[in-house]
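Structural overview for review
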Amino acid sequence: MTTTTARGRRGTTVPGPRAPGPRGVPVLGSLRQWKGGTAEFLLRMQRDHGEVSRMRLGPYTVHLVTEPAAVGRVLKENSGNYRRGVLYEQFRTVMGTGLLTTDGDHWKAHRRAMQPVFTRKAVDAIGPNVVAATTEMLDEWESRARRGEPVELVTETLRLTLVTLSRSLFDYDIRPAAPVLKDVVGNVVEVMFKHGTIGEMVPGWLPTRRNRVIARDRRILSRLVGEIRRHHAVTGEGPLMKLIETASDPASGRPWTDEQIRDEILTIYLAGHETTAVALIWTLLSIANHPPVQEELDAEVDGVLGGRPPSAEDVPDLRFTGQVVDESLRLYPPIWIYPRDAVGQDELAGFHIPAGSSVLLSPLVSHRNPRFWDNPEAFDPHRFDPAVSAGRPKTTYFPFGAGARMCIGNFMALLELKMIVAMINQRFRLRLVPGEFLRYGDTSISLRPLSEVRVTLHPRERGRGA
Ligand code: HEM
């Protein structure tokens, strides 16, 4: 797609029309609708105003962009025109200046330094850690099942993905810190999403409750990073840790500062484990709620693995398991919305995007666009059969983003999810505790369930142990 500003009568360029959208009210714009249920509001924007629409949120002009070529233009072809911007400011209060929150040369140098451990090939090395951490969890589940006790999936999955990430990348046993981190992570995913609130406009040094919570959580996280670094100084282990501790700035040749190292470690921990846990929760619940999917999964997992634990090499053969994960990431993309700011003006799908305005990309809204997804609310892994997927335009599906800023951990997350789903499936059926009501929450940056998720465990008769 090209930028097609039309020529005016005297040869001046005339920008395309403004994107349509809700009128909103003076000063606040559509802030009230936004806060009243952001996901539903954005889905309505797409339905009522089309695939590029415009709204005002307090002082900000914001475009929701779901037209596939326009999403591609923002994330790939014209990505240089789109920075992280004002809506990412909240992330910096928690993560500092790590990979997720920076742009330009700083980002490029840091991404290049850390990329080697995240390639498709390199992440195969995490396989044994996934098996060890999952086996530990499932053995514990077995005694819970014998006692007839349900398990709470938010706690279990956060711990599992945290332990796996920490062992695989940092060679650090984080189990003792898992309960504290669960609370900290719960706070920070909410803080990162708040904007346009009074709390956000108050300076960070004022001792408001919100600022005190952020400062306390930063202290807990910084102490933890200190421990991880001291551990590494003794062992010299952990593939990502080795890269981070020896990285230097390409221009000056100086090693990364303590602050830069802290922020990158925090970014990987925070961006890496909560997202994967959220994806796992929705995948497990979707399987539990769709018996035909469960049966097809049983047949594949038993056929490929025959009761032994999976290795990374088995994963390409677990095709349907992969499609189940893909479909779960379509309906419940953990990072369901992310912003950019336009540096210069642009044109997206024929609409003018003024310089300085914001653009929102929402995998959740794009993934439910009825123009590309039949019956979009239904859970159907066969949408990802190769023949069906082949006809779908690029950037109709982007749970990990796209282009140069695509999630650095995407191969790791997918490998982990497929192996864990297969292993749980070998040993248990899960059922949501009757009467539990489940909805996704759209008040945080990740698409967490709104409440705890308690499931009962039903050991499988076959497919267990070699
Ligand atoms: C299912 C799990 C995951 C999902 C859905 C997910 C989603 C995303 C998305 C959508 C972005 C792009 C945001 C943007 O462009 O504004 C992103 C970036 C990022 N993710 Fe993930 N992520 C997942 C797992 C992971 C893991 C396992 C790690 C690390 C171990 C990780 C680390 C990062 C980092 C560092 C970035 C910033 C990359 C950059 O800008 O260069 N993520 N993730």
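Our structure is the block above this text.
Here's a quick rundown of the structure. Numbering of residues starts from 1 in each chain and follows the order in which that chain's sequence is written. Selection of residues for local features in this predicted model requires a pLDDT of at least 70, selection of side-chain atom pairs for listing and counting requires 80 or more, and totals for whole chains, interfaces and linings are taken over all residues. Excluding hydrogens and water, the side-chain values take into account all heavy atoms of the structure.

**Notes on the site of the ligand**
In the vicinity of the ligand lie 26 residues, with Y88, W107, R111, R340 and C407 positioned nearest. Under this definition, polar contacts are N or O atom pairs within 3.5 Å; protein pairs additionally need one hydrogen-donor-capable and one acceptor-capable atom, and for neighbouring residues in sequence, both atoms have to be side-chain atoms. In this structure, an oxygen atom belonging to the ligand sits 2.7 Å away from a side-chain N or O atom of R111. With respect to the ligand, the backbone of A271 contributes an N or O atom lying 3.5 Å from a nitrogen atom. Cavities and pockets were defined on a 1 Å grid built over protein atoms only: a cavity is a set of grid points that admits a 1.4 Å probe from which the probe cannot escape, a pocket is an open set flanked by protein on both sides within 12 Å along at least five of seven lines, and lining residues are those with an atom within 4 Å of any such point. For a cavity or pocket, the test is whether more than half of a molecule's atoms lie within 2 Å of its grid points; if they do, the molecule sits there. With respect to the detected pockets, the ligand is housed in the largest cavity. Helix and strand assignments follow DSSP, with helices taken as H or I runs no shorter than four residues and strands as E runs no shorter than two, numbered in order from the N terminus. Elements supplying a minimum of two residues to the shell around the ligand: helix 5 (104-114), helix 12 (258-288) and strand 7 (338-342). The element that contributes the greatest number of residues to the shell around the ligand is helix 12, accounting for 6 residues. Nearness is judged by heavy atoms alone; a residue qualifies as near a molecule or strand once a single heavy atom is within 4 Å of it.

**What to know about the packing of aromatic side chains**
Stacked, edge-to-face and tilted labels apply to pairs of Phe, Tyr and Trp rings (six-membered ring for Trp) whose centres lie within 6.5 Å, assigned for plane angles under 30 degrees, over 60, and everything in between, in that order. All chains considered together, the criterion is met by 6 aromatic pairs. For the pair F384 and Y397, a centre-to-centre distance of 4.9 Å together with 55 degrees between the ring planes defines the contact as tilted. Placement of the pair is F384 in the loop between helix 15 (363-366) and helix 16 (386-389) and Y397 in the loop between helix 16 and helix 17 (410-427), with a sequence separation of 13 residues. Within the aromatic cluster, the residues linked to one another by ring pairs are W373, F384 and Y397. The ring of W373 carries the charged tip of R330 above its face, separated from the ring centre by 5.3 Å. Criterion for a charge above a ring: Arg CZ or Lys NZ at most 6 Å from the ring centre, at most 35 degrees from the ring normal. Geometry around F384 places R392 over its ring, the cationic atom sitting 5.5 Å from the centre.

**Digging into helix 17**
Its 18 residues give helix 17 an end-to-end C-alpha distance of 26 Å, which sits within 8% of 26 Å, the value for a rise of 1.5 Å per residue. Burial classes follow relative accessibility: with a 1.4 Å probe on protein chains only, a residue under 20% of its type's maximum area counts as buried, one over 50% as exposed, and anything between as partly exposed. For helix 17, a buried count of 17 out of 18 residues is recorded, marking the element as mostly surrounded by other parts of the structure. Residue count minus one, scaled by 1.5 Å, sets the expected span of a helix.

**Some points on the sheet that holds strand 5 (residues 82-83)**
Each pair of strands is called paired provided DSSP finds at least two bridges between the two strands. Strand order in this open sheet of 5 strands is 3-4-10-7-5, and the pairing throughout is mixed. The open sheet has two edge strands, strand 3 (52-57) and strand 5, and neither has a second partner. Sheet analysis places strand 3 next to strand 4 (residues 60-65), joined by 6 bridges and oriented antiparallel. The residue of strand 4 that forms the bridge with S53 is L64. Every residue pair with non-hydrogen atoms within 4.5 Å of one another is taken to be in contact. For helices, the fitted axis covers only the stretch in contact; all axes are lines through C-alpha atoms, and the angles between them, taken along N-to-C directions, range from 0 to 180 degrees. Sitting on the sheet, helix 2 (residues 38-49) is in contact with strand 3 and strand 4, with an inclination near 135 degrees to strand 3. Sheet contacts for helix 3 (residues 68-77): strand 4, strand 5, strand 7 and strand 10 (358-361); angle to strand 10, the most-contacted strand, approximately 115 degrees.

**Re the environment of D380**
Structurally, the position occupied by D380 is in the loop between helix 15 and helix 16. Residues D380 and H290, 90 residues apart in the sequence, show an inter-C-alpha distance of 9.2 Å. Of note is the side chain of D380, whose polar atom sits 2.9 Å from the backbone nitrogen of H382.

**What about the packing of helix 6 (residues 127-146) against helix 17?**
Interaxial distance between helix 6 and helix 17 falls to 10 Å at its minimum, and their mutual angle equals 35 degrees. Between helix 6 and helix 17 lies a crossing of right-handed hand. Seen from helix 6, the contacting residues are G127, V130, V131, T134, T135, M137, L138, D139, W141 and E142; seen from helix 17, they are E416, M419, I420, M423, I424 and R427. We call Asp, Glu, Lys and Arg charged. Ala, Val, Leu, Ile, Met, Phe, Trp, Tyr, Cys and Pro are nonpolar, and the rest, Gly among them, are polar. Residue classes in the contact of helix 6 with helix 17 are distributed as 9 nonpolar, 3 polar and 4 charged. Take the far helix as your reference; a near helix turned counterclockwise from it by less than a right angle gives a left-handed crossing, and one turned clockwise gives a right-handed crossing.

**Notes on the layout of surface pockets**
Grid points are joined across faces, edges and corners, and a volume is the space filled by probe spheres set on the points. Counted as a void, the largest pocket has a volume near 780 Å³. Taken together, 33 residues make up the lining of the largest pocket; nearest its centre are R120, D326, F411, L414 and K418. For the lining of the largest pocket, the secondary structure elements donating two or more residues are helix 14 (319-331), helix 16 and helix 17. Its residues assigned to classes, the lining of the largest pocket shows 19 nonpolar, 7 polar and 7 charged. The space that makes up the second largest pocket amounts to roughly 320 Å³.

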